[in-house]
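Analysis of the macromolecular model
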Amino acid sequence: MLLGRTPLQTFKQRTRVMSLELCDGMLLAAGGSDGEIGINDLNKGLVEVIKGHQGGVMCLMCHNGYLWTGGDDKTINIRGDTYPFPLLQTIADLQGPVTGMAPGTGVVYYTTESTAIHLFSSSSDKNFRREPSLKNIHTSPVTGIRYRSGSLWSASGSTIVRWQADHIPTVITQSLTWSISTFSVTDTLLVIGCENGLIVLATYTGEVVRKFSGHCKAVRSVLFWQLTVFFFGGGNKSFPKNSNQKKNNG
């Protein structure tokens, strides 16, 4: 597996990028520090801006035909995931600013600038009920959560934890020398954004595969697309679309 270093394309945004999510294949949503959500066509760049929150849009998630947005204003908005992304429901008065969301089986996980991971259960009538939080094993606020191959993954400080189906935690990284601000995961790679750039690790061993630079400030969001390209957003109002994987048959 080879990882390239050169960005293929850079999408300029109106404000600092806090979060990223792909919607319907060719539209990339970018949550901004001013509460706006930039909608980017992968061929054309920024094509639409919608108002999302009173404060930064800290996380985005497309799930079951909806675009979920989590804000610094302690709310989660649920929108349609195609243009014009109508607002359908708002879940307010949460425990704090919503810093991460991830879909599970019949549940949605979310974090709120604390060491805990919270969750909603969902039903066929689209009602969401708060459930007890997961066992609290993080010692600093959770900075990212992802769901992959039946497992929830969470990051805090310099540690990434994999939660098995019964919510039993396994620590994947614990001796990193930099603080994790965001991450994304596949079956083979962990891509981690931090204050110093981007680090790529082997998913289950934690071995460092490659390091990247490409932003003048911290990387705040990372997103895989079709397992061949990933996007990472930083504090300089842009995010490069970065070529990263080519199969090496040798």
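Residues numbered from 1 in each chain as written. Predicted model: local features only at pLDDT ≥ 70, side-chain atom pairs only at ≥ 80, totals over all residues. Heavy atoms only, no water.

Remarks on the confidence of the model for the chain
With 80% of its residues at a pLDDT of 70 or more, the chain has an overall mean of 79. Of all secondary-structure elements in the chain, the lowest mean pLDDT belongs to strand E24 (residues 238-243), at 47, while strand E7 (residues 66-71) reaches the highest, 94. When the criterion is pLDDT under 50, residues 236-250 qualifies, and its contacts beyond four places in sequence or with other chains add up to 76 contacts. (pLDDT = per-residue confidence, 0-100. Helix = DSSP H or I, 4+ residues; strand = E, 2+ residues; numbered from the N terminus. Contact = heavy atoms within 4.5 Å.)

A few points about the packing of aromatic side chains
A complete count under the given rule lists three aromatic pairs for this structure. Judged by centre distance (5.9 Å) and plane angle (55 degrees), the ring pair of Trp 153 and Tyr 204 falls under tilted. In this pair, Trp 153 is assigned in strand E15 (residues 151-156) and Tyr 204 in the loop between strand E20 (197-202) and strand E21 (208-212), connecting sequence segments 51 residues apart. (Phe/Tyr/Trp six-rings, centres within 6.5 Å; stacked < 30°, edge-to-face > 60°.)

Concerning the nonpolar core
Across soluble globular proteins, nonpolar side chains show a tendency to be buried alongside one another. Ranked by internal contacts, the top residues of the largest apolar core, which has 14 residues, are Trp 153, Ile 160, Trp 178, Ile 180, Phe 183, Leu 190 and Ile 192. Elements supplying a minimum of two residues to this core: E15, strand E18 (180-185), strand E19 (189-194) and E20. If near-sequence neighbours (up to four positions away) are discounted, Phe 183 is found in contact with Gly 144, Ile 145, Arg 146, Trp 153, Ser 154, Ala 155, Ile 160, Leu 190, Val 191, Ile 192 and Val 222. If you look at the next biggest cluster of nonpolar residues, it comprises twelve residues, including Met 61, Ile 78, Ile 91 and Leu 94. (Core = buried A, V, L, I, M, F, W, Y, C linked by side-chain atoms within 4.5 Å. Buried < 20%, exposed > 50% of the residue type's maximum accessible area, 1.4 Å probe, protein only.)

Some thoughts on the sheet that holds strand E8 (residues 76-80)
Spatial strand order, E6-E7-E8-E9: four strands in an open sheet with antiparallel pairing. The sheet is open, and its two borders are formed by strand E6 (57-63) and strand E9 (87-91), each paired with just one other strand. In this sheet, neighbouring strand axes are inclined to one another by 20 degrees on average, regardless of whether the strands run parallel or antiparallel. Looking at chain direction, E7 and E8 are connected through five bridges and run antiparallel. The residue bridging Thr 69 from the neighbouring strand is Asn 77, located in E8. (Pairing = 2+ DSSP bridges. Axes fitted to C-alpha atoms, helices over the stretch in contact; angles between N-to-C directions.)

Things to note about the pairing of E7
Of all six residues in E7, five are buried; the element is thus mostly enclosed. Relative to E7, E6 runs antiparallel, the two being bridged by six bridges. Each residue of the ladder has a partner; that of Leu 60, found in E7, is Thr 69. What sits between E6 and E7 in their antiparallel hairpin is a turn of two residues, with Asn 64 showing a positive phi close to 55 degrees. What sits between E7 and E8 in their antiparallel hairpin is a turn of four residues, with Lys 74 showing a positive phi close to 65 degrees.

Topic: the sheet that holds E21
Paired through backbone hydrogen bonds, the strands of a sheet run either parallel or antiparallel to each other. The four strands lie next to each other as E18-E19-E20-E21, forming an open sheet whose pairing is antiparallel. Where the open sheet ends on each side, the last strands, each with one partner, are E18 and E21. Pairs of neighbouring strands in the sheet enclose a mean axial angle of 20 degrees, with direction left out of account. Here E20 runs beside E21; their pairing, made up of four bridges, is antiparallel. Of the residues in E21, the one forming a bridge with Ile 199 is Lys 211.

Focus: unusual backbone geometry
Along the chain, Tyr 83 connects to Pro 84 via a cis peptide bond; the corresponding omega equals 10 degrees. Among the structural elements, Pro 84 can be located in the loop between E8 and E9. We note that Phe 85 has phi near 55 degrees; this positive angle belongs to a residue other than glycine. With respect to the secondary-structure elements, Phe 85 resides in the loop between E8 and E9. Judged by its relative accessible area of 1%, Phe 85 is buried. At Asp 93, a position not held by glycine, the phi torsion is positive, near 60 degrees. Note on placement: Asp 93 falls in the loop between E9 and strand E10 (100-103).

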